[in-house]
Amino acid sequence: MLTTKQTKEIILTTLNGRYTHSSLGLRYLYANLGELQHKAIIKEYVINERMQDIAENLLQYSPKIIGIGVYIWNASDVKELVEIIKKVATDTVIILGGPEVSYRPFRVNFDKADFVIEGEGEVPFYELCRDILNNIEVKEKVFHPKLYELKKLQLPYKHYDDNDIANRYIYVEASRGCPFSCEFCLSSIDKEVRNFDIDELLKEFSILWDRGARNFKFIDRTFNLDIKLATRLLDFFLEKNEPFTTHFEVIPDHFPSELRERIKKFPPTSLQLEIGIQTLKKDIAKNIKRNLNIPKIKENLEFLENETNAHIHLDLIIGLPGESCESFGENLDYLCSLSNSEIQVGVLKKLSGTTLNRHDELYGMTYSDMPPYDILANNIIPFEKMQVMKRFSRFWDLFYNSGNFTSSFAYLVENRSVYETFYDFSNWIYGKTYSTWQISLDRLAQFLFNYMCEVQMKDKTKVANLLVDDVLKVGGRKLPSFLREYSDITDSFDKQNLANKNKRQQKRVD
């Protein structure tokens with residue numbers, strides 16, 4: 001509840017995936033409201049909060065306009081929120097924007113909203129709010145996408161408050177657009193890559209740094225495409241003497257010497273690189289209009305793995321048109337042979353605006369109509385097998401990507417196909433749990449111990465010793481009871497250097 005009566009004519013809001021996330025889009029809208037800015041406020045919430053509570057909180061400001069950012073993770077919640085607000089505050093104007101309402105068809109019904117802004121919203125949102133507050137009739141309900149000059153936009157970074165800087169990821173961008181045409185990706189729609197003025201950008205980043213920001217997450221789709229821009233940004237961080245973390249999404253086949261020289265200099269835990277591989281099969285990649293240079297990918301991954309401290313996050317996708325589970329498994333085995341990095345096993349999603357639908361008839365592609373619009377089946381992978389692979393993905397995250405069982409996992413798959421071994425293991429676990437959620441660390445460790453000892457017939461003492469090392473390498477943990485007979489140590493109290501580190505990085509830095 002508000003402690004004092006405060007009114008704001010414009011509220012900018014969204015539901016983030018978790019509290020540590022922040023909305024860069026809302027701050028762009030706020031920064032570009034011009035003379036209306038003093039009439040506006042940003043209010044962020046988290047998915048899974050009660051929509052009635054959020055509606056109550058918003059309406060206490062007596063807003064005339066509520067602008068809501070709609071994304072794949074909050075679309076269903078936003079629909080409910082809009083319907084509640086329009087029932088109890090019928091005169092409140094609701095404007096929707098964001099990726100989930102920028103492309104047709106809508107799979108979630110947003111008919112109760114008054115206006116929809118497709119694409120970049122900074123300019124049209126300001127103009128629409130101005131007209132509404134001036135009682136000027138607006139005949140258009142949908143504002144179609146336009147590209148605006150980035151140099152004319154006000155940058156949003158001063159609108160991260162002290163709480164954001166202390167507790168949340170600071171999302172930033174140096175460019176918009178992507179020159180590639182990957183059919184599963186919304187970024188392929190905006191093929192013109194536009195860079196922000198790097199000098200102005202670095203001034204803003206310096207201010208953020210001076211205010212205490214140490215966690216910068218770039219949302220650019222192809223950070224290492226423009227090497228001049230990339231090197232300026234890397235140099236900015238390399239000049240810093242205090243611990244920090246910065247995250248970039250990069251293309252896998254473009255690491256020239258200027259980039260390599262700088263990446264080598266980053267200390268452990270400071271640089272995160274997300275690399276979209278998706279598939280390593282040339283015919284599959286060609287089918288979805290994705291570039292694939294396997295020799296370069298191999299060369300660059302080996303460089304990153306062996307010559308840098310970068311924390312690497314690789315992406316693979318299950319369910320691409322024409323790709324079988326066995327083909328996916330070969331991709332996974334190959335990546336595991338090149339790198340010990342995180343490998344995100346994603347499930348194909350059919351996003352409105354992409355051209356994936358051209359494959360529907362030929363490959364029998366069937367998708368859910370509810371967010372996140374994931375694939376249900378195709379003519380190669382039936383529904384039952386796709387369900388198995390989705391559980392594979394979830395268990396992979398728990399056992400491999402979490403970094404909780406690095407040594408034990410290596411022993412699990414030793415001298416075996418990683419894919420085939422983990423496929424059998426994940427099916428075995430599901431047969432014990434019938435769930436992929438809310439499984440404690442102790443139970444996960446117990447499952448791994450039982451499987452390796454009872455199914456793989458491995459030596460119990462060796463398995464136990466590996467699990468003890470894995471569990472206790474993170475400070476503050478207690479050893480699961482079933483392992484205590486194998487170790488004199490029952491607790492880990494080594495908390496040194498844990499603060500401000502990504503836990504998955506802690507576990508992977510030896």
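The shown structure was predicted, so the numbers you read here are calculated from the model rather than taken from an experiment.

K.L.:
Is there a simple way to think about the overall build of the chain in this case?
P.N.:
In terms of regular secondary structure, the chain is built from 18 helices and 16 strands. For the chain, the C-alpha radius of gyration of 24 Å lies close to 24 Å, the compact-globule estimate for 510 residues. The buried share of the chain, reckoned over its 510 residues, is 55%. Of the contacts formed within the chain by residues at least 6 apart in sequence, a portion of 72% connects residues at least 24 apart. With an accessible surface of roughly 23900 Å², the chain has 47% of that area assigned to carbon and sulfur atoms. In the chain, 67 positive and 73 negative side-chain charges are present, and the distance between their average locations comes to 1 Å.

K.L.:
Hey, could you run me through the packing of helix α11 (residues 325–338) against helix α13 (residues 383–401) in this one?
P.N.:
To characterise two packed helices, one gives the angle between the axes of the helices and the distance between these axes. The geometry of α11 relative to α13 is characterised by a closest axis approach of 12 Å and an angle of 15 degrees between their N-to-C directions. Looking at the two axes, α11 sits roughly parallel to α13. Relative to α13, α11 is oriented so that their crossing is left-handed. Along the contact surface, α11 presents Cys325, Glu326, Phe328, Leu332 and Cys336, while α13 presents Lys385, Met389, Phe392 and Trp396. Across the contact of α11 with α13, the residue classes tally to seven nonpolar, no polar and two charged.

K.L.:
Help me understand the side chain of Asn287, please; the structure alone is not making it clear to me.
P.N.:
Tracing the chain through its elements places Asn287 in helix α9 (residues 282–287). Accessibility expressed as a relative area gives 19% for Asn287, which makes it buried. Setting aside chain neighbours within four positions, we find Asn287 in contact with Glu183, Pro321, Arg358, His359 and Tyr363.

K.L.:
Quick question: what am I supposed to make of the pairing of strand β11 (residues 245–250) here?
P.N.:
Residues in a regular strand point their side chains to alternate faces of the sheet. By the criterion of burial, β11 is predominantly enclosed, with six of the six residues buried. Judged by which residues are buried, β11 turns out to be covered on both faces: Thr245, His247 and Glu249 on one side and Thr246, Phe248 and Val250 on the other are all buried. Summarising the sheet, strand β10 (residues 215–218) and β11 pair through three bridges and their orientation is parallel. The residue bridging Asn215 from the neighbouring strand is Thr245, located in β11. Crossover handedness for the path β10 to helix α7 (residues 227–238) to β11: right-handed. Each parallel crossover has a hand, and the one from β11 via helix α8 (residues 257–263) to strand β12 (residues 271–278) is right-handed.

K.L.:
I would appreciate a short explanation of unusual backbone geometry in the present structure.
P.N.:
Of all residues except glycine, most have a negative phi; of all peptide bonds, most are trans. The omega torsion across Arg104 and Pro105 is 0 degrees, close enough to zero to call that bond cis. Inspection of the secondary structure puts Pro105 in the loop between β4 (93–97) and β5 (115–117). We note that Ser62 has phi near 50 degrees; this positive angle belongs to a residue other than glycine. Topologically, Ser62 is positioned in the loop between α2 (51–59) and β3 (65–69). Here the phi dihedral of Gln278 falls at roughly 70 degrees; this positive angle occurs in a residue that is not glycine. Within the fold, Gln278 resides in strand β12. On the basis of relative accessibility, which here comes to 9%, the residue Gln278 falls in the buried class.

K.L.:
Mind showing me how you'd approach the packing of aromatic side chains here?
P.N.:
Aromatic ring pairs are reported here in terms of the distance separating the ring centres and the angle at which the planes meet. As enumerated under the stated definition, the model contains 40 aromatic pairs in all. The aromatic ring of Trp209 is capped on one face by Arg214, whose charged end is 3.7 Å from the ring centroid. Against the face of Tyr411 rests Lys458, its NZ or CZ located 4.2 Å from the ring centre.

K.L.:
Explanation requested: the pattern of salt bridges in the structure shown.
P.N.:
Any two side chains of opposite charge can pair, so long as their charged atoms come close to each other. Tallied over the full model, the rule gives 31 salt bridges. The partner of Lys296 in a salt bridge is Glu299, and the shortest N-O contact between them spans 3.7 Å. You can see Lys296 and its partner Glu299 sitting in helix α10 (residues 294–307), three residues apart, about one turn around the helix. Relative accessible area serves as the criterion here: at 37%, Glu299 is assigned to the partly exposed category. One network of salt bridges, in which partners are shared, links Glu120, Glu122, Glu173, Arg176 and Arg194.

K.L.:
Would you mind going over the pairing of β12 with me for this structure?
P.N.:
Burial of β12 is extensive: seven of the eight residues sit out of reach of the surface. Pairing of β11 with β12 involves five bridges; the strand directions are parallel. By the bridge assignment for β12, Val250 is matched with Ile275.

K.L.:
In this structure, what is going on with the sheet that holds strand β13 (residues 311–318)? I would like to understand it.
P.N.:
To summarise the sheet geometry, strands pair through backbone hydrogen bonds and adopt either a parallel or an antiparallel arrangement. Reading across from one edge, β7-β10-β11-β12-β13-β14 is the order of the six strands in this open sheet, with parallel pairing throughout. At either end of the open sheet lies a strand with only one pairing partner, and these are β7 (170–172) and β14 (342–347). Here the average twist between neighbouring strands, direction ignored, is 25 degrees.

K.L.:
Help me out: how do you make sense of the sheet that holds strand β2 (residues 40–46) in this one?
P.N.:
Taking strand neighbours across the sheet as the criterion, the six strands line up as β2-β1-β3-β4-β5-β6 in an open arrangement whose pairing is parallel. Of all strands in the sheet, those bounded by a partner on one side alone are β2 and β6 (142–143). For strand β1 (residues 10–16) and β3, the ladder comprises five bridges, and the chain directions are parallel. When the bridges of β3 are listed, Thr13 appears paired with Ile68. Along the sheet face, helix α1 (residues 24–31) touches β1 and β2 and points at about 175 degrees away from the line of β2.

K.L.:
Help me understand the packing of helix α15 (residues 418–433) against helix α16 (residues 441–455) in this model?
P.N.:
Following both chains from N to C, one finds α15 and α16 inclined at 120 degrees, their axes separated by 11 Å at the closest point. Here α15 runs over α16; the crossing is right-handed. Where α15 abuts α16, its residues Thr421, Asp424, Phe425, Trp428, Ile429, Lys432 and Thr433 lie against Arg443, Phe447, Leu448, Asn450, Tyr451 and Val455. When the residues that make up the contact of α15 with α16 are grouped by side-chain class, the tally is seven nonpolar, three polar and three charged.

K.L.:
It is not clear to me how empty space enclosed by the protein should be interpreted in this structure. Could you clarify?
P.N.:
Left-over empty space is what a probe sized like a water molecule reveals as it rolls over the atoms. Summed over all chains, the structure comprises one cavity of 30 Å³ or more. Residues of the lining of the largest cavity, tallied by class, amount to four nonpolar, three polar and one charged.

K.L.:
Please clarify how the nonpolar core should be interpreted in this entry.
P.N.:
Nonpolar side chains in soluble globular proteins tend to end up buried together. In terms of nonpolar packing, the biggest core is built from 114 residues, with Tyr157, Phe205, Leu273, Phe392, Trp396 and Phe399 touching the most fellow members. The leading source of residues in this core is α13, at nine residues. Discounting residues that sit within four places of it in the chain, Tyr157 has contacts with Leu24, Tyr28, Tyr171, Val172, Glu173, Leu201, Glu204, Phe205, Leu208 and Arg211.

Quick notes on the rules
- Residues numbered from 1 in each chain as written.
- Predicted model: local features only at pLDDT ≥ 70, side-chain atom pairs only at ≥ 80, totals over all residues.
- Heavy atoms only, no water.
- Helix = DSSP H or I, 4+ residues; strand = E, 2+ residues; numbered from the N terminus.
- Rg over C-alpha atoms; globule rule 2.2 N^0.38 Å.
- Buried < 20%, exposed > 50% of the residue type's maximum accessible area, 1.4 Å probe, protein only.
- Contact = heavy atoms within 4.5 Å.
- Areas by Shrake-Rupley, 256 points an atom, 1.4 Å probe, with all protein chains shown as cover.
- Lys, Arg positive; Asp, Glu negative; His and termini not counted.
- Charge placed at Lys NZ, Arg CZ, Asp CG, Glu CD.
- Axes fitted to C-alpha atoms, helices over the stretch in contact; angles between N-to-C directions.
- Parallel < 35°, antiparallel > 145°, perpendicular 65-115°, else oblique.
- Left-handed = near helix turned anticlockwise from the far one by under 90°.
- Nonpolar A, V, L, I, M, F, W, Y, C, P; charged D, E, K, R; others polar.
- Pairing = 2+ DSSP bridges.
- Right-handed = clockwise from strand over helix to strand, strands pointing away.
- Phe/Tyr/Trp six-rings, centres within 6.5 Å; stacked < 30°, edge-to-face > 60°.
- Lys NZ or Arg CZ within 6 Å of the ring centre and 35° of its normal.
- Salt bridge = Lys/Arg side-chain N within 4 Å of Asp/Glu carboxyl O.
- 1 Å grid on protein atoms, 1.4 Å probe; cavity = no way out; pocket = protein on both sides within 12 Å on 5 of 7 lines; lining within 4 Å.
- Points joined across faces, edges and corners; volume = space filled by probe spheres on them.
- Core = buried A, V, L, I, M, F, W, Y, C linked by side-chain atoms within 4.5 Å.

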